[in-house]
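# Structural overview
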Amino acid sequence: MNKAWWKESVVYQIYPRSFADSNGDGIGDLNGITSKLDYLQKLGVDVIWLSPVYRSPNADNGYDISDYEAIMKEFGTMEDYDRMLKAAHEHGIRVVMDLVVNHTSDEHKWFIESIESRSSRTNPKRDYYIWRDPVDGHEPNNWGSNFSGSAWKLDEKTGQYYLHLFAEKQPDLNWSNPAVRREVFDMMTRWCEKGIDGFRMDVISLISKPEGLPDAAVMGGGLYGDPNICANGPHVHEYLQEMRKTVLSRFDLMTVGECAGVTLEEAKKYANAAGTELNMVFQFEHVGLDGGDGIKWSTKKMPLVPLKENLSKWQNGLDGVAWNSLYFCNHDQPRIVSRLGNDSDQYRERSAKAIATVLHMMQGTPYVYQGEELGMTNYPWKSVDEFNDLESINGYYELTEKAGMKPEELFPMIAHKSRDNARTPMQWDDSDNAGFTTGKPWLAVNPNYRKINAKEQVARPDSVFNYYRQLISLRHSSELIVYGHYELLLPDDPDLFVYRRYLDDKELLCAANLSEHARTFDIPERFRSGRVLIQNMPEHDVRDGQIAPYEAYVLLKSE
Ligand code: TEU
Ligand code: CA
């Protein structure tokens, strides 16, 4: 058992734009984060991961970076950043930065140099990006962008196309160019020298493009080839090993790769226990289980049996050979209580706690996304004009106008899965705009904030917030929870999620009913006399064999 601080940590993700606004312009900022560190300390998290705070024109809310070494104007200054970092450390909280280096903004100076004039074709910066001549007057291949349309954009002046796997304003960097890798590694080093504690690496699985850029299998919608053909490309592990040698190995960091298209076998390389690449990856299989027919949009509920099967595959597959990240929510995912749980008044809190229980009792490093600790829900979207996210907006128009989907069928699916569900402002209290801002929030506040907010929950002992606190502190006090092995029980049960964890002679049982049906569950004898570590219905005797809708508990085997 290889111990490490980042295995024993719980991470809290902050989407700065939506977290806390300190100056009334309606946009969250760094001083806002600093002002909420007491709250995070109370919750008990060890690490915060900040979605990008770098200079950006915000085509994709900071995931399009125009200067890696300056702060986004709306978020404050480098002095604000330094103060936040110092204050976080004083609160015992480490800071992980988002590293977005599959692409830059088209407003980054490298890209600007590469398109400035016709002679740009010979500028050394040209080869920082991926340029190709037209083929028969068309795009070089059939790839689509993750945000709709072709993945290629013609630059009229120089007569060539550049590749963008995401928005047009996010040109892909050419990682096969050693100068690009050097620039990135030098930039990372300067951030590390500043004292940051790690990186979350945006779509790092996509940085090495397949040889010859061949056409890809066509995606749902039928218009373009799937850009995920770039996942786990031929040189990605080599580049990450080079990054490890050049930068990561010189500092005490936590690293997590966001790995679209990663398989279990690939994850064993990215997150290998020998530590030659990253500490862990975000895999996407489990959050894809409620997708539509070839597209991500759907109104489906997350199916429990496949979910258990998938998470268990990752639990067992990486045990001892790599390390898991544990997440349901982030800034790209709809709210889990609306997706897997039940966000009605009757069950919202209970189901949010049950979902948290099954995730936080697994082996790996858990991630909590802002508001998840309150059981925040999806937003009641009424029209496409309310969205900010370009994936939702472009997807809606492309699929209705070009792929022939009916608006009245598509809209509810996008409303259910939109990334904007995660991005509505954090609900701090029941004052106007949920206490997020004194101005006009950049994205609508969920109207349920008068009921669902941090102030109320911090004060109420049986709140979702205080349940997360308890889960986090359990993890801090138990090697069994952090490092223990995992075994799924009742794999085919459509309602119950039950598993055991074991390490040496210690063992625990985690059980949750993720359905609206009251059920019975016969607790194995050795747990019946054991201690209840946590339960979301403390008024129940869990040993009576009854398990209510969305009830969850954890039992430790008696000594
Ligand atoms: O996301 C990449 C990714 O693969 C998806 O989550 C994608 O955003 C989409 O939701 C698929 O349906 C990362 C960031 O997390 C995301 O916010 C950025 O927009 C994207 O990369 C580009 O930088
Ligand atoms: Ca602000």
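Our subject is the structure that appears above.
Residues numbered from 1 in each chain as written. Chains lettered and ligands numbered in written order. Predicted model: local features only at pLDDT ≥ 70, side-chain atom pairs only at ≥ 80, totals over all residues. Heavy atoms only, no water.

## Focus: the overall build of the protein chain
- What the protein chain contains, in helices and strands, is 17 helices and 20 strands.
- In terms of overall dimensions, the protein chain is globule-like: its C-alpha atoms have a radius of gyration of 23 Å, near the 24 Å expected for 559 residues.
- Principal-axis analysis of the C-alpha atoms gives the protein chain an extent of 80 × 50 × 45 Å.
- Out of the 559 residues in the protein chain, the part that is buried amounts to 61%. (Helix = DSSP H or I, 4+ residues; strand = E, 2+ residues; numbered from the N terminus. Rg over C-alpha atoms; globule rule 2.2 N^0.38 Å. Buried < 20%, exposed > 50% of the residue type's maximum accessible area, 1.4 Å probe, protein only.)

## Quick notes on the sheet that holds strand β7 (residues 152-155)
- The 3 strands lie next to each other as β6-β8-β7, forming an open sheet whose pairing is antiparallel. Edge strands, defined here as strands with exactly one partner in the open sheet, are β6 (131-132) and β7.
- Here β7 runs beside strand β8 (residues 160-163); their pairing, made up of 4 bridges, is antiparallel. Looking at β8, one finds that L154 is bridged to Y161. (Pairing = 2+ DSSP bridges.)

## Remarks on the coordination of the calcium ion (ligand 2)
- At this site the calcium ion (ligand 2) is bound by D21 (OD), N23 (OD1), D25 (OD), I27 (O) and D29 (OD), with donor distances of 2.2 to 2.3 Å.
- We note that the donor set of the calcium ion (ligand 2) lies within a single chain, spaced as D-x1-N-x1-D-x1-I-x1-D. (Donors = N, O, S within 2.8 Å, 3.2 Å for Na, K, Ca; no water.)

## Points about the site of ligand 1
- In the vicinity of ligand 1, 18 residues are found, and the nearest of them are D60, D202, D332, E391 and R419.
- Residue D60 places a side-chain N or O atom 2.4 Å away from an oxygen atom belonging to ligand 1.
- Within the side chain of E391, one N or O atom sits 2.5 Å away from an oxygen atom of ligand 1.
- For the shell around ligand 1, a count of residues per class yields 6 nonpolar, 3 polar and 9 charged. (Near = heavy atom within 4 Å. Polar contact = N/O pair within 3.5 Å; in protein donor to acceptor, adjacent residues only side chain to side chain. Nonpolar A, V, L, I, M, F, W, Y, C, P; charged D, E, K, R; others polar.)

## Points about helix α5 (residues 178-194)
- The terminal C-alpha atoms of α5 lie 25 Å apart, and with 17 residues this matches the ideal 24 Å at 1.5 Å per residue to within 8%.
- Those residues of α5 that fall on the buried side of the exposure criterion are V180, R181, V184, F185, M187, M188, T189, W191 and C192.
- Where α5 is buried, its residues contact β3 (54-55), β4 (67-71), α3 (78-90), β5 (94-99), β9 (198-201) and α6 (236-246).
- Where α5 begins, the side chain of N177 points an oxygen toward the backbone nitrogen of A179, at a separation of 2.9 Å.
- At the C-terminal side of α5, G195 shows a positive phi close to 110 degrees. (Expected span 1.5 Å × (residues − 1). Contact = heavy atoms within 4.5 Å.)

## Brief notes about the packing of aromatic side chains
- The final tally for this structure, using the stated rule, is 28 aromatic pairs.
- Measuring from ring centre to ring centre gives 6.2 Å for Y12 and F19, while their planes differ by 65 degrees; the resulting arrangement is edge-to-face.
- Taking relative accessible area as the criterion, Y12 reaches 0% and is therefore assigned buried.
- Take F19: its relative accessible area is 0%, and that puts it in the buried class.
- The structure contains a cluster of three or more aromatic residues connected by ring pairs, namely Y54, Y68, Y81, W110, Y128 and W191.
- Stacked on the ring of W323, the Lys or Arg K7 has its end atom at 5.0 Å from the ring centre. (Phe/Tyr/Trp six-rings, centres within 6.5 Å; stacked < 30°, edge-to-face > 60°. Lys NZ or Arg CZ within 6 Å of the ring centre and 35° of its normal.)

## Some details on the packing of helix α11 (residues 390-402) against helix α12 (residues 407-417)
- Interaxial distance between α11 and α12 falls to 10 Å at its minimum, and their mutual angle equals 160 degrees. As far as their axial angle goes, α12 and α11 are roughly antiparallel. When the axes of α11 and α12 are compared, the crossing they make is right-handed. Facing S392, G395, Y396, L399 and T400 of α11, the residues of α12 in contact are P407, L410, F411 and I414. (Axes fitted to C-alpha atoms, helices over the stretch in contact; angles between N-to-C directions. Parallel < 35°, antiparallel > 145°, perpendicular 65-115°, else oblique. Left-handed = near helix turned anticlockwise from the far one by under 90°.)

## So, the pairing of strand β13 (residues 365-369)
- Of all 5 residues in β13, 5 are buried; the element is thus mostly enclosed.
- Residues T365, Y367 and Y369 line one face of β13 and the alternating positions P366 and V368 line the opposite face, and both faces are buried.
- For strand β1 (residues 11-14) and β13, the ladder comprises 3 bridges, and the chain directions are parallel. Bridge pairing links Y12 to V368 in β13.

## Some thoughts on the sheet that holds strand β15 (residues 496-503)
- Read across the open sheet, the 5 strands follow the order β14-β15-β16-β20-β18; overall the sheet is antiparallel. Of all strands in the sheet, those with a lone pairing partner are β14 (485-489) and β18 (531-535), marking the two edges. Averaged over neighbouring strand pairs, the angle between their axes works out to 20 degrees when direction is ignored.
- Sheet topology note: the β14/β15 ladder contains 5 bridges and is antiparallel.

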